[in-house]
Amino acid sequence: MQSIPVSWTAANTRRMDRQGLLTPAPTAGTSPADIAGRMLGAHAQVMSAAELSLALRLDGATRTDVRDALTGGPGPVRGHDPRPGPGPRPGMLVKTFGPRGTIHLLPAQDLPWWTGALSALPARPGTLSPEARMTAAQTDEALAAIGDALTGAELTVDELTEAIVARTGSWAADPVMPAFQTLWPRWRQVTYTAAQRGVLAFGRDRGRKVTYTNPGCTPAPPTRSLHELVNRYLRAYGPATAEDFAAWLAAPKGWAAALFASLAEKDRIEAVAFASGRAWVAAGDTAFPDAPARGVRLLPYFDAYAVACRPRELLFPGSAATRALAGGQAGNHPVLLVDGTVAGVWHQRRTGRRIALTVELVGRLSAAHHRALEEQAERTGAMLEGIADLTLGKVTTGPHA
């Protein structure tokens, strides 16, 4: 049976449409958590970037809407369920460790299958010395202590360390983990594991200090969770290969290839002809638009679209790759998106309510695109609850500046 051919233009347009980059989703009936679900999480190492990633896909939204969906806010919040109590609730966001082991905002209602899938990933080779590692029994003991200590609480790292030691023993606080020219306590080597088991997520910041809490999540069965993750990934970013999926998730290529092969045998995914090769979509999800993507968007650091969409050479054509990719890695620079492809980089500098936006073009903009950029800059200022001043010129700051 011959595979259906899918063009880059059709694939790219569908990706943008499904996550609100062509037309922002209406706020009526759509929450920031709904948007996070469509894009498979918003990268939140830089929290302001995550706020912008979600707000720009939701018509009329601001960073406060995203913050309220995460913290509970003063309410009422669009799509937010203000009822107290533990456990994931629809319409809310959770800040936790997601794909690639990096901090993401994920929908609370999706947390069971996210944790189920992430817990099923092959373990990475350990880098700690044998004397620093934890035994299986110590790991189980520490995870139980973390879950117990964080239930109904928001604790700083130091407070959590004290609580874990009180429940396990002094070994949990042994300074054995090299980190930032210091040594962290032994228990911190299971921080990611605790998040994957659903007993640790980020709480509300206490001044400049990070806190952790127990989101009250029970991971769903691993096989079902992995199937859900692949299905969601392909619907958001397909057509894609198993290698694309592995790179996005930071998982072994061979493991991802075997997973895709098993899903193909069960007719859960199907092959299409894409980018001079074979790629996959969710079974039956073969409808693609005819019209090309149109519009201008300013995507922040590590926006999910820039990170997940492949092939990279088509998303970052020509000199855009040289300027916008850092060692081949997407997300280190905020990017200007014109008609679905990267056409420059940008930077913001805030002083009070004034936000200076500098956009460096790769190539030239048409008059229509220039007007659209001005509108996008104005909207970016509104989303950040400020007033934007747009300048076209050289961005002199480096990655992550």
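Structure shown above.
Everything numeric in this text was worked out from a predicted model, so none of it was measured.

K.L.:
Any chance you could explain the overall build of the chain here in plain terms?
P.N.:
Regarding its fold elements, the chain presents 15 helices and 15 strands. Rg of the C-alpha trace for the chain: 22 Å, near the compact-globule value of 21 Å for 401 residues, within the 12% margin. Expressed as lengths along the three principal axes of its C-alpha atoms, the size of the chain is roughly 65 × 60 × 40 Å. Residues counted as buried form 52% of the 401 residues belonging to the chain. Within the chain, counting contacts between residues at least 6 apart in sequence, those at least 24 apart form 64% of the total. Of the roughly 18,000 Å² of accessible surface on the chain, a fraction of 53% belongs to carbon and sulfur atoms. Averaging the coordinates of the 42 positive side-chain charges in the chain and doing the same for the 35 negative ones gives two points 2 Å apart.

K.L.:
How should helix α4 (residues 63–71) be read in this particular structure?
P.N.:
Since the α-helix turns once every 3.6 residues, residues separated by three or four places project in the same direction. All of the buried residues along α4 are R63, D65, V66, D68 and A69. At its buried positions, α4 is contacted by α2 (32–38), α3 (47–55), β3 (93–97), β4 (103–107), β13 (341–351) and α15 (367–383).

K.L.:
Just to check I follow, could you spell out the sheet that holds strand β12 (residues 335–338) for this structure?
P.N.:
Working definition: the strands of a sheet are paired by backbone hydrogen bonds and lie parallel or antiparallel to each other. Read from one edge to the other, the open sheet built from five strands follows the order β11-β12-β13-β14-β15, with strand pairing classed as mixed. Two strands lie at the open edges of the sheet, namely β11 (296–299) and β15 (387–392), each paired on one side alone. Put simply, the sheet's adjacent strands are angled 30 degrees from each other on average, direction ignored. The pairing of β13 with strand β14 (residues 354–361) spans eight bridges and is classified as antiparallel. When the bridges of β14 are listed, T351 appears paired with R354.

K.L.:
Is there a simple way to think about unusual backbone geometry in this case?
P.N.:
Leaving glycine out, the prevailing phi sign among residues is negative, and the prevailing peptide bond configuration is trans. A cis amide bond, omega 0 degrees, links G238 with the succeeding residue P239. Topologically, P239 is positioned in the loop between α9 (222–237) and α10 (242–249). Residue P311 is reached from R310 by a cis peptide bond, and omega for that bond is 10 degrees. Unusually for a residue other than glycine, L40 sits at a positive phi of about 60 degrees. Secondary-structure assignment places L40 in the loop between α2 and β2 (42–43).

K.L.:
What should I look at first to understand empty space enclosed by the protein in this one?
P.N.:
Think of a ball as big as a water molecule: rolled over the atoms, this probe shows where empty space is left. On inspection of all chains with the given rule, the structure shows two cavities of 30 Å³ or more. Put simply, the largest cavity is a space of about 70 Å³. Broken down by secondary-structure element, the contributors of at least two residues to the lining of the largest cavity are β2 and α12 (304–308). The leading source of residues in the lining of the largest cavity is α12, at three residues. For the lining of the largest cavity, a count of residues per class yields nine nonpolar, three polar and two charged. As a volume, the second largest cavity reaches approximately 30 Å³. Lining the second largest cavity we find Y301, H333, P334, W346, H347, V395, T397 and G398. Each residue belonging to the lining of the second largest cavity can be placed in one class, and the counts come to four nonpolar, four polar and no charged.

K.L.:
Quick question: what am I supposed to make of the sheet that holds strand β9 (residues 269–274) here?
P.N.:
Taken together, three strands build an open sheet; the order of strands is β1-β9-β10 and the sheet is mixed. The open sheet terminates on both sides in strands that have one partner only, identified here as β1 (4–6) and β10 (277–282). If you compare each strand with its neighbour and ignore which way they point, the axes differ by 50 degrees on average.

K.L.:
What exactly am I supposed to notice about the pairing of β10 here?
P.N.:
Every other side chain in a regular strand lies on the same face of the sheet, so the side chains alternate between the two faces. Where β9 and β10 come together, six bridges link them in antiparallel fashion. Its bridge partner being in β10, I269 is matched across the sheet by A282. Taking the residues between adjacent antiparallel strands as the criterion, β9 and β10 are bridged by two residues, where A275 takes a positive phi near 55 degrees.

K.L.:
Hey, could you run me through the side chain of T211 in this one?
P.N.:
Structurally, the position occupied by T211 is in the loop between β7 (201–202) and β8 (212–213). At 2.7 Å, the side chain of T211 and the backbone oxygen of R204 are in polar contact. Excluding anything up to four places from it in sequence, T211 contacts E154, L155, T156, A201, F202, G203, R204 and R206.

K.L.:
Please clarify how the layout of surface pockets should be interpreted in this entry.
P.N.:
In this structure, the largest pocket spans a volume of roughly 1,400 Å³. Looking at the largest pocket, it is lined by 39 residues, and the ones nearest its centre are R188, Q189, T191, Y192 and T193. Those elements that provide at least two residues to the lining of the largest pocket are α5 (111–119), α7 (157–167) and α8 (191–196). Partitioning the lining of the largest pocket into residue classes produces 21 nonpolar, ten polar and eight charged.

K.L.:
Looking at this structure, how should I read the packing of helix α6 (residues 136–150) against α7?
P.N.:
Helices that pack against each other are described as a pair by the angle of their axes relative to one another and the distance between those axes. At a minimum axis distance of 9 Å, the contact between α6 and α7 shows a crossing angle of 120 degrees. The angle between the axes of α6 and α7 places the two elements in the oblique class. Where α6 crosses over α7, the two elements pack in a sense that is right-handed. In this structure, α6 uses E141, A145, I146, D148, A149 and L150 to contact α7, whose residues at the interface are L160, A163, I164 and R167. In terms of residue class, the contact of α6 with α7 is made up of seven nonpolar, no polar and three charged.

What counts, and at which threshold
Residues numbered from 1 in each chain as written. Predicted model: local features only at pLDDT ≥ 70, side-chain atom pairs only at ≥ 80, totals over all residues. Heavy atoms only, no water. Helix = DSSP H or I, 4+ residues; strand = E, 2+ residues; numbered from the N terminus. Rg over C-alpha atoms; globule rule 2.2 N^0.38 Å. Buried < 20%, exposed > 50% of the residue type's maximum accessible area, 1.4 Å probe, protein only. Contact = heavy atoms within 4.5 Å. Areas by Shrake-Rupley, 256 points an atom, 1.4 Å probe, with all protein chains shown as cover. Lys, Arg positive; Asp, Glu negative; His and termini not counted. Charge placed at Lys NZ, Arg CZ, Asp CG, Glu CD. Pairing = 2+ DSSP bridges. Axes fitted to C-alpha atoms, helices over the stretch in contact; angles between N-to-C directions. 1 Å grid on protein atoms, 1.4 Å probe; cavity = no way out; pocket = protein on both sides within 12 Å on 5 of 7 lines; lining within 4 Å. Points joined across faces, edges and corners; volume = space filled by probe spheres on them. Nonpolar A, V, L, I, M, F, W, Y, C, P; charged D, E, K, R; others polar. Polar contact = N/O pair within 3.5 Å; in protein donor to acceptor, adjacent residues only side chain to side chain. Parallel < 35°, antiparallel > 145°, perpendicular 65-115°, else oblique. Left-handed = near helix turned anticlockwise from the far one by under 90°.

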